[in-house]
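Here are the chains, one letter per residue:
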Amino acid sequence: MKPHQLSATALLAAYRARELSPLEAMKDVLDRVSAFEPHIRATYLLNAERALEEARASEDRWMRAAPVGALDGVPTTVKDNIATKGEAVPLGTAASDLVLAAEDAPPAARLREAGAIIFAKTTMPDYGMLSSGLSSFHALARNPWDLSRNPGGSSAGAAAAAAAGYGPLHVGTDIGGSVRLPAGWCGIFALKPSGGRIPIDPPYIGRVAGPMTRTVDDAALLMAALARPDARDFMSLPPQELDWRVRPAPLRGLRIGLLLEAGCGVPPTPEVRRAIEAAARDFALAGAIVEPLTPFLSQEMLDGLDRFWRMRLLIDIRALPQAKREKILPFIRAWAESASAFSSEQVFHGFSQVMAMRKAAVSATAPFDFVLSPTAPMTAYAAELPSPSNDPLNPFPHIGFTVAFNMSEQPAASINCGYSAEGLPIGLQIIGRRFDDIGVLSVSRAFEEMRRAQAHAWPEPPAL
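Residues numbered from 1 in each chain as written. Predicted model: local features only at pLDDT ≥ 70, side-chain atom pairs only at ≥ 80, totals over all residues. Heavy atoms only, no water.

1. What about the overall build of the protein?
Helix and strand content of the protein: 15 helices and eleven strands. A globule of 464 residues ought to have a C-alpha radius of gyration of about 23 Å, and the protein, at 21 Å, matches this closely. Taking the principal axes of its C-alpha atoms as reference, the protein extends roughly 65 × 60 × 45 Å. Residue burial in the protein is summarised as follows: out of 464 residues, 62% are buried. (Helix = DSSP H or I, 4+ residues; strand = E, 2+ residues; numbered from the N terminus. Rg over C-alpha atoms; globule rule 2.2 N^0.38 Å. Buried < 20%, exposed > 50% of the residue type's maximum accessible area, 1.4 Å probe, protein only.)

This is how it looks when you write it as structure tokens:
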């Protein structure tokens, strides 16, 4: 295998055995990026010269058997909205002032402390408020499995980069599905951890950073670095020493809920439903007790949260000069400006749906050890569209399976569980109880083992 095809755990083992150097790995990843990037446009601020310089320094440390941390020399990317010192944070929109960040945000700081080489940032849509690779600032990001399709978002570039082999480790953010949805559509693994598990700055209701990788072990490796404390996140969980060396969970006797309808938005396509049902049968054959879970989310909850998010962004964009407002992606601007007609009662009711979602999700999933569902109700949609619905007044019918677990702060992963007739990936969401991030990773690891040939047989995407 070439270095860009190796997992982070495999790279580190090769560095330790002096079978491969960080410089060789970084050069191979950059070659892969050069071949693929004109097609998928996943990166922002790619700095090859600095990456090679850091790789040489890492090579020297490994030659002296003195790595600086657990990720020393591993090629890594972070999303546009995760601040990196001395670099602009455009938030995916042409309306942003390109002010250089004064310091690394917590996820970037933890990666550097661990010795990871942050060789690029990855693209996102305006303000992270689309499940799309469409942006007014970045070039259109595309899905490596089919260039006519969307990678999803808002962690669009991260998912595309992971699927294309831009190294093993990528970090995205998620407030309604933004690591899981693109992971499902790009056929990779992603974890939305428990709220507060990974410190982030600025923190916000439902917002988390999460690993996006090609293997479960690599996601666990990233969690070990990212979950370290940072006082800037006033919503983070108390520091806790956890053993992130996950093993496949024993599935026999686990009580698993199967959620095949979200209760709102669009229903799963027949292909998606069949893939999820097939995954559930695999769990049952392994001894798990799989039982149907009644939908618990309502359209009122989803619409209410949508209204709250619209008003939040409207307030932000009203603070911009008119010339800057006009640079925002028209879909996002139309979505936010529709909030100008909302009454205060409507906005307050919308905000109250955060707690309504949280209560409903926790109550519905409490009888189960874990829950399975589709990540998204459909496979990847057209690359040029801002959302599957292409309607700024109905933008979120595809997040019904993901968004409630942001509000409930439960850990939830997306793992590939099959392909459509067109060869497009289908994501299985695995949800755990709050704080049981390791449990979700372990169950995901067990599913990865059951589907080992599928999980590790990565066909060359069409761009090559």
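2. With respect to the sheet that holds strand β9 (residues 370-374)
Spatial ordering of the open sheet is given by β1-β3-β2-β4-β6-β5-β10-β11-β9-β7-β8, a layout of eleven strands whose pairing is mixed. The open sheet has two edge strands with one neighbour each: β1 (43-44) and β8 (289-292). Taken together, the two bridges between strand β5 (residues 189-192) and strand β6 (residues 208-213) define a ladder with antiparallel strand orientation. Along β6, the bridge assignment pairs Phe189 with Thr213. Its contacts with the sheet place helix α4 (residues 106-113) against β2 (75-79), β3 (117-122), β4 (169-174) and β6, and it is angled at close to 155° to β3. Along the sheet face, helix α14 (residues 437-450) touches β5, β9, β10 (412-419) and β11 (425-432) and points at about 15° away from the line of β10. (Pairing = 2+ DSSP bridges. Contact = heavy atoms within 4.5 Å. Axes fitted to C-alpha atoms, helices over the stretch in contact; angles between N-to-C directions.)

3. Looking at helix α7 (residues 216-226)
Across the eleven residues of α7, nine count as buried, placing the element largely inside the fold. If you check which residues of α7 are buried, you get Val216, Asp218, Ala219, Ala220, Leu221, Leu222, Met223, Ala225 and Leu226. Two to three positions downstream of the cap, the backbone nitrogen of Asp218 sits 3.1 Å from a side-chain oxygen, assigning the N-cap of α7 to Thr215. (Polar contact = N/O pair within 3.5 Å; in protein donor to acceptor, adjacent residues only side chain to side chain.)

4. Details of unusual backbone geometry
The omega angle of the peptide bond from Gly153 to Ser154 is 10°, so this bond is cis rather than trans. Following the sequence through the fold, Ser154 ends up in the loop between β3 and α5 (156-164). The omega torsion across Asp201 and Pro202 is 5°, close enough to zero to call that bond cis. Backbone geometry at Arg18 places phi at a positive 60°, although glycine is not the residue there. Considering the arrangement of structural elements, one finds Arg18 in the loop between α1 (8-16) and α2 (22-40). Residue Glu409 is not a glycine yet carries a positive backbone phi of 65°. Within the secondary structure, Glu409 is located in the loop between α13 (403-407) and β10.

5. Thoughts on the side chain of Arg451
Here Arg451 shows up in the loop between α14 and α15 (452-456). Looking at Arg451, its side chain comes within polar contact range of the main-chain oxygen of Cys417, at 2.8 Å. If we ignore the near neighbours within four places in the chain, the residues touching Arg451 are Ala278, Ala279, Asp282, Cys417 and Gly418.

6. Some details on the nonpolar core
Membership of the largest hydrophobic core comes to 65 residues, with the highest contact counts inside it found for Leu71, Leu111, Phe283, Leu428 and Leu441. Not counting residues within four places of it along the chain, the set of residues in contact with Phe283 comprises Leu251, Ile256, Ala288, Val290, Leu372, Leu428, Ile430, Val443, Phe447 and Met450. (Core = buried A, V, L, I, M, F, W, Y, C linked by side-chain atoms within 4.5 Å.)

7. Comments concerning α2
In a regular helix each residue adds 1.5 Å, so 19 residues correspond to 27 Å; α2 covers 25 Å between its end C-alpha atoms and thus fits that length. Roughly 35° is the biggest bend found in α2, and it falls at Ser34, with proline Pro38 one to four residues downstream. Those residues of α2 that sit buried are Pro22, Leu23, Ala25, Met26, Asp28, Val29, Leu30, Arg32, Val33, Phe36, Glu37 and Ile40. Buried residues along α2 sit in contact with α1, β1, α3 (48-63), β2, β3 and α5. A positive backbone phi angle near 50° is found at Arg41, which sits one or two residues after α2. (Expected span 1.5 Å × (residues − 1). Bend = angle between axes of the 7 residues up to and from the residue.)

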